[in-house]
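# Residue-level structure breakdown
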Amino acid sequence: METVTLKVTGMTCMGCVGSVQRVLQGMDGVKAVDVSLDKAQATIQYDAAVASPAQFKAAIEDAGYEVA
Ligand SMILES: [Cu+2]
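A few points on the structure.

Rules behind the numbers
- Residues numbered from 1 in each chain as written.
- Predicted model: local features only at pLDDT ≥ 70, side-chain atom pairs only at ≥ 80, totals over all residues.
- Pairing = 2+ DSSP bridges.
- Helix = DSSP H or I, 4+ residues; strand = E, 2+ residues; numbered from the N terminus.
- Buried ≥ 20, exposed ≤ 12 C-beta atoms within 10 Å, placed from the backbone.
- Axes fitted to C-alpha atoms, helices over the stretch in contact; angles between N-to-C directions.
- Parallel < 35°, antiparallel > 145°, perpendicular 65-115°, else oblique.
- Left-handed = near helix turned anticlockwise from the far one by under 90°.
- Contact = placed C-beta atoms within 7 Å.
- Nonpolar A, V, L, I, M, F, W, Y, C, P; charged D, E, K, R; others polar.
- Core = buried A, V, L, I, M, F, W, Y, C linked by C-beta atoms within 7 Å.

Taken together, the four strands give an open sheet; going across it, the order is β2-β3-β1-β4, and neighbouring strands pair in antiparallel fashion. Both outer strands of the open sheet, β2 (30-36) and β4 (66-67), are each paired with one neighbouring strand and no more. Alignment of strand β1 (residues 2-9) against β4, held across two bridges, turns out to be antiparallel. Its bridge partner lying in β4, V8 is registered against V67.

Only one face of strand β3 (residues 41-46) is covered, namely the one carrying A42, I44 and Y46; the face carrying Q41, T43 and Q45 has none of its residues buried. When β2 meets β3, the two strands line up antiparallel, connected through six bridges. Within the sheet, the bridge partner assigned to V35 lies in β3 and is A42. Counting the residues between successive antiparallel strands, the hairpin from β2 to β3 contains four residues, one of them, A40, with a positive phi of roughly 55°.

Glancing now at the packing of helix α1 (residues 14-25) against helix α2 (residues 53-62). Where α1 meets α2, the closest approach of the two axes is 10 Å, and the angle between their N-to-C directions is 135°. On the basis of their axis angle, the class for α1 and α2 is oblique. Of the two elements, α1 crosses α2, and the hand of that crossing is right-handed. Contact residues: V20, V23 and L24 in α1; F56, A59 and I60 in α2. Across the contact of α1 with α2, the residue classes tally to six nonpolar, no polar and no charged.

As a further point, take the nonpolar core. Counting residues in hydrophobic clusters, the biggest one holds 13 residues, and the most contacted among them are V8, V20, L24, A42, I44, I60 and Y65. Where this core is concerned, the elements lending two or more residues are α1, β3 and α2. With residues up to four places along the chain from it excluded, the contact list for Y65 reads V8, T9, G10, M11, V20 and I60.

Here it is in structure tokens:
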């Protein structure tokens, strides 16, 4: 299991946090997700054989947020 932390900008409220969390949690290979509004980041625990940070970035951007 791998862990990655991505800087996510554009989140302004807990609704945004929930959206990002939901999108990531719905992805194959994702085990756990922790999204912080304060820190503007998402920490994702995942199976590297199934998922990758590039896919997380694309999914977050599709949801309307930016990944630094
Ligand atoms: Cu919001």
